[in-house]
Amino acid sequence: MRYGEKREQDIFAAPDSAAMSGVIGADNSDMEDEPDEGSRQQVFIPSERVQAGSADVKLELRRTEEDQLALLCYESLDLLLSACGNQQPWVSVYRQQLEEVQRTTSAEVVLWNALLPEETRKDD
């Protein structure tokens, strides 16, 4: 599956209890099935840089080959950095809030652990 260029979501107000994490810095595979783990587990989502103290963030959404607007989610920070580049800004939210994030962003599909093409990764 190939992904189109990124699309920044208009400002997304993070859910009240979201754990906003720090910001750092072509053949694709993905797992479209959600991992089976606890709802308090954090998931990591590519974003634009977050201003310190801000609860608003712009998430990076992508279009799939099927022209669906996709929210990329990663089970760990290591997976996100490997798939998106070691300079990719990110935020984390609790897994139980993911449905709300998807609804708020109007993403049609959530893709898990999707590997981005090297030319679109944010590396050093």
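In case you missed it, the structure is sitting above this.
Residues numbered from 1 in each chain as written. Predicted model: local features only at pLDDT ≥ 70, side-chain atom pairs only at ≥ 80, totals over all residues. Heavy atoms only, no water.

Visitor: Any chance you could break down the pattern of salt bridges for me, citing the residues and the numbers?
Guide: As enumerated under the stated definition, the model contains 6 salt bridges in all. Between Glu108 and Arg63 there is a salt bridge, with its nearest N and O atoms 3.6 Å apart. With Glu108 in the loop between helix 2 (98–105) and strand 8 (109–112) and Arg63 in strand 5 (residues 60–64), this residue pair connects regions lying 45 residues apart in the sequence. Since its relative accessible area comes to 46%, Glu108 is described here as partly exposed. Relative accessible area serves as the criterion here: at 30%, Arg63 is assigned to the partly exposed category. Linked through salt bridges whose partners overlap, the residues forming this network are Glu48, Glu60, Arg62 and Lys122. (Salt bridge = Lys/Arg side-chain N within 4 Å of Asp/Glu carboxyl O. Helix = DSSP H or I, 4+ residues; strand = E, 2+ residues; numbered from the N terminus. Buried < 20%, exposed > 50% of the residue type's maximum accessible area, 1.4 Å probe, protein only.)

Visitor: Lay out helix 1 (residues 77–84) in plain terms, naming residues and giving numbers.
Guide: Quick reminder: α-helices carry 3.6 residues per turn. Residues three or four places apart thus point the same way. Those residues of helix 1 not exposed but buried are Leu80, Ala83 and Cys84. Seen from one end, helix 1 has its buried residues packed into an arc of 80°, which puts them on one side. Opposite the packed face of helix 1, turned more than 90 degrees from it, sit the exposed residues Asp78 and Ser82. Elements in contact with the buried residues of helix 1: strand 3 (42–46) and strand 7 (90–94). Gly85, located one to two residues past helix 1, shows a positive phi value of around 115°. (Arc of directions from axis to C-beta. Contact = heavy atoms within 4.5 Å.)

Visitor: Explain the pairing of strand 6 (residues 69–73) residue by residue, including any values.
Guide: Moving residue by residue along a regular strand, the side chains alternate between the two faces of the sheet. The element strand 6 is extensively covered by neighbouring structure, given that 5 of its 5 residues are classed as buried. Here strand 6 shows two buried faces, one formed by Leu69, Leu71 and Cys73 and the other by Ala70 and Leu72. Across 3 bridges, the pairing between strand 5 and strand 6 is antiparallel. Counted as the bridge partner of Arg62 is Ala70 from strand 6. Taken together, strand 5 and the strand that follows it, strand 6, pair antiparallel across an intervening segment of 4 residues, in which Asp67 is found at a positive phi of about 65°. Inspection of the sheet shows strand 6 paired to strand 8 by 4 bridges, in the parallel sense. Looking across to strand 8, one finds that Ala70 is bridged to Val109. (Pairing = 2+ DSSP bridges.)

Visitor: Pulling in residues and values, what's your account of the nonpolar core?
Guide: Ranked by internal contacts, the top residues of the largest apolar core, which has 16 residues, are Ile45, Leu59, Leu71, Cys73 and Leu98. At the level of elements, strand 3, strand 6, strand 7, helix 2 and strand 8 are the ones that each hand at least two residues to this core. Residue contributions to this core peak at 3 residues, all from strand 6. Leave out the neighbours within four places in its chain, and Leu71 touches Ile45, Leu59, Leu61, Leu98, Val101, Gln102, Ala107, Val109, Val110 and Leu111. Core analysis: the second largest hydrophobic core is formed by 12 residues, Leu72, Leu80, Ala83 and Ala114 among them. (Core = buried A, V, L, I, M, F, W, Y, C linked by side-chain atoms within 4.5 Å.)

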